[in-house]
Amino acid sequence: MIKYQQDKILGGIMVTDSNNERSPNRPYPPPSNVITILHRLRSRNLPDEVDTEYLRDSNIPGGTIARTLFAMRFLGLITEADNPTEALKSIHTSTDEEYKAILSKLIKESYHDVFDVINPEEDSQDKIVNFFRRYTPASQRSRMVIFFLGMCREAGIPTLDVPRARTMAAKPSKERV
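Residues numbered from 1 in each chain as written. Predicted model: local features only at pLDDT ≥ 70, side-chain atom pairs only at ≥ 80, totals over all residues. Heavy atoms only, no water.

Caption draft 1: Examining helix α3 (residues 65-74) more closely. For α3, the tally of buried residues reaches nine of ten residues, placing the bulk of the element in the interior. Along α3, the residues classified as buried are I65, R67, T68, L69, F70, A71, M72, R73 and F74. Directly beyond the C-terminal end of α3, a positive phi value near 80 degrees is found at G76. (Buried < 20%, exposed > 50% of the residue type's maximum accessible area, 1.4 Å probe, protein only. Helix = DSSP H or I, 4+ residues; strand = E, 2+ residues; numbered from the N terminus.)

In structure tokens form, the structure reads like this:
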């Protein structure tokens, strides 16, 4: 069973597996998923739970729901029980300016280890990807950076690079006979 817990030394979320081995992890859903949820929550009544059903009702693709919930927990928007935190309650009732300030604070707190070394306004996406090498899973690092930069931009934190879309190898097309 996988368990998530806040790590005081490395910062961020630590994933603990059934062998009790720990590795740092960062969220990697499409930033648009979290942004869609935040905008929806600001324009409607705040639910008691922001859970799988709520995300499904918000048209978040099924394959990214778990990653989106993990990202919302990582940013301190919901609890482990999927309840809105005080920060999310503040975002719910905030003005546009307050929204960006609250979100910026949450991002800087959640990624404090990144901001200690990286300045997204001055550092290239390649440098940020290199810093993210310490996070797992390795195969998702580019998505982690895309999420990080996308959330920075949403919060009004200037970024040097626009988050690059993840590149995928094109599938060979089948020739018709």
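Caption draft 2: Looking closely at the environment of H92. Its location among the elements puts H92 in helix α4 (residues 86-92). In sequence terms H92 and R44 are 48 residues apart; their C-alpha atoms lie 8.4 Å from each other. When near neighbours in sequence (up to four residues on either side) are disregarded, H92 contacts L41, R42, R44, N45 and L46. Of note is the side chain of H92, whose polar atom sits 3.4 Å from the backbone oxygen of R44. (Contact = heavy atoms within 4.5 Å. Polar contact = N/O pair within 3.5 Å; in protein donor to acceptor, adjacent residues only side chain to side chain.)

Caption draft 3: Just the pattern of salt bridges, in detail. Evaluation of the coordinates by the stated rule reveals six salt bridges. One salt bridge in this structure joins R26 and D113, with 2.8 Å as the shortest N-O distance. One end of the pair, R26, is in the loop between β3 (22-25) and α1 (31-43); the other, D113, is in helix α6 (residues 112-115), and 87 residues separate them in sequence. Under the relative-accessibility criterion, D113 is labelled buried at 13%. A salt bridge links K105 to E109; the nearest nitrogen and oxygen atoms lie 3.5 Å apart. Here the residue K105 and the residue E109 both occupy positions in helix α5 (residues 96-110), the gap between them amounting to four residues, near one helical turn. Relative accessible area serves as the criterion here: at 53%, K105 is assigned to the exposed category. (Salt bridge = Lys/Arg side-chain N within 4 Å of Asp/Glu carboxyl O.)

Caption draft 4: Representation of helix α8 (residues 141-154) in the model. With 14 residues, α8 ought to run about 20 Å at 1.5 Å a step, and its terminal C-alpha atoms sit 20 Å apart, in line with that. With eleven of 14 residues buried, α8 is to be regarded as a mostly interior element. Along α8, the positions that sit buried rather than exposed are R141, M144, V145, I146, F147, F148, L149, G150, M151, C152 and E154. Immediately downstream of α8, the backbone of G156 shows phi near 85 degrees, a positive value. (Expected span 1.5 Å × (residues − 1).)

Caption draft 5: Representation of the environment of S58 in the model. With respect to the element layout, S58 can be found in the loop between α2 (52-57) and α3. When its relative accessible area of 8% is taken as the criterion, S58 is described as buried. Counting along the chain gives 25 residues from S58 to N33, while the straight-line C-alpha distance between them is 9.2 Å. Look past the residues within four positions of S58 in its chain and what remains in contact with it is T36, I37 and R40.

Function-wise, these values are silent; they only describe arrangement.
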